[in-house]
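Structural characterization, general
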Amino acid sequence: MLGNHYFLSRKYDLAIEAFNSAFGNDFPDYIIKKLIICYVAEGDLETAKNFFIKLIKKDPFIIINTDVVEEDCPCPELIKLMEAKYGVISSTDDLTALAILWLYCDLDNSINLFETALAEKPNDEFLKEVLSILKTQIKIKGGAI
């Protein structure tokens, strides 16, 4: 599929277009998982958040269980780029974008970043809901937080 080709080529804007053309608004979970990354990479955090919350409400392990090597996940590269670009991450949006990407790589780092973002913006419903889902689902599945 063309969308996957663009995604693997790190051409996120073209991947978004191709996925939209192929699926309209009826995206399977594995495409939503990629779209979240695409929208974060393209700087459209609101759209990324909408897809992200939809997917983790369904099953956060779709993202948590990502095999970064097998799936050629770009998150480690994107995280390094974002951290280098921003230096000290301080805005809630930057923390949220990084926390989303970290969920593909490391649950603990992701949760820590979501908690840091929530400490900066304690009334943020998105952050509250994400942390609640992650902590609840991990406990249910037998993990430790």
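That block above? That's the structure.
Here goes a summary of the coordinates provided. Please read these numbers as outputs of a predicted model, since none were measured by experiment. (Residues numbered from 1 in each chain as written. Predicted model: local features only at pLDDT ≥ 70, side-chain atom pairs only at ≥ 80, totals over all residues. Heavy atoms only, no water.)

Things to note about the nonpolar core
Judged by nonpolar contacts, the single largest core of 54 residues is most densely connected at Ile36, Ile37, Phe52 and Phe114. Not counting residues up to four positions away in its chain, the partners in contact with Phe114 are Phe52, Thr96, Ala99, Ile100, Phe126, Leu127, Val130, Leu131 and Leu134. (Core = buried A, V, L, I, M, F, W, Y, C linked by side-chain atoms within 4.5 Å. Buried < 20%, exposed > 50% of the residue type's maximum accessible area, 1.4 Å probe, protein only. Contact = heavy atoms within 4.5 Å.)

Some thoughts on the packing of aromatic side chains
Counting across every chain of the model gives 6 aromatic pairs. Taking the centre distance of 5.6 Å and the plane angle of 75° together, the rings of Phe27 and Phe51 count as edge-to-face. Residue Phe27 is found in the loop between helix 2 (12-23) and helix 3 (29-41), and its partner Phe51 is found in helix 4 (residues 45-58); the two are separated by 24 residues along the sequence. Grouping residues by exposure puts Phe27 and Phe51 together as buried. Consider the rings of Tyr39 and Phe51, whose centres lie 5.9 Å apart with planes at 20°: the pair is stacked. You can see Tyr39 sitting in helix 3 and its partner Phe51 sitting in helix 4, a full 12 residues away along the chain. Phe51 sits in the buried class, given a relative accessible area of 14%. Of the aromatic side chains, those joined through ring pairs into one cluster are Phe23, Phe27, Tyr39 and Phe51. When the ring centre of Phe126 is taken as origin, the NZ or CZ atom of Lys49, which lies over that ring, is 4.8 Å away. (Phe/Tyr/Trp six-rings, centres within 6.5 Å; stacked < 30°, edge-to-face > 60°. Helix = DSSP H or I, 4+ residues; strand = E, 2+ residues; numbered from the N terminus. Lys NZ or Arg CZ within 6 Å of the ring centre and 35° of its normal.)

Notes on the packing of helix 4 against helix 7 (residues 92-103)
Between helix 4 and helix 7, the shortest axis-to-axis distance is 11 Å and the interhelical angle comes to 40°. In terms of orientation, helix 4 lies oblique with respect to helix 7. Judged by the twist between their axes, the crossing of helix 4 over helix 7 is left-handed. Residues Leu45, Lys49, Phe52 and Ile56 of helix 4 form the contact with helix 7, whose own contacting residues are Asp93, Thr96, Ala97, Ile100 and Leu103. Grouping the constituent residues of the contact of helix 4 with helix 7 by class yields 6 nonpolar, 1 polar and 2 charged. (Axes fitted to C-alpha atoms, helices over the stretch in contact; angles between N-to-C directions. Parallel < 35°, antiparallel > 145°, perpendicular 65-115°, else oblique. Left-handed = near helix turned anticlockwise from the far one by under 90°. Nonpolar A, V, L, I, M, F, W, Y, C, P; charged D, E, K, R; others polar.)

As for the state of the cysteines
Under the definition given, this model contains 0 disulfides. Here Cys73 is not disulfide-linked; the sulfur of Cys75 is the nearest cysteine sulfur, at 3.4 Å. (Disulfide = S-S within 2.5 Å.)

Considerations on the environment of Lys49
Along the chain, Lys49 falls in helix 4. Once the C-alpha coordinates of Lys49 and Thr96 are considered, the two residues, 47 residues apart in sequence, prove to be 8.8 Å apart.

The values are spatial; any link to function lies outside them.
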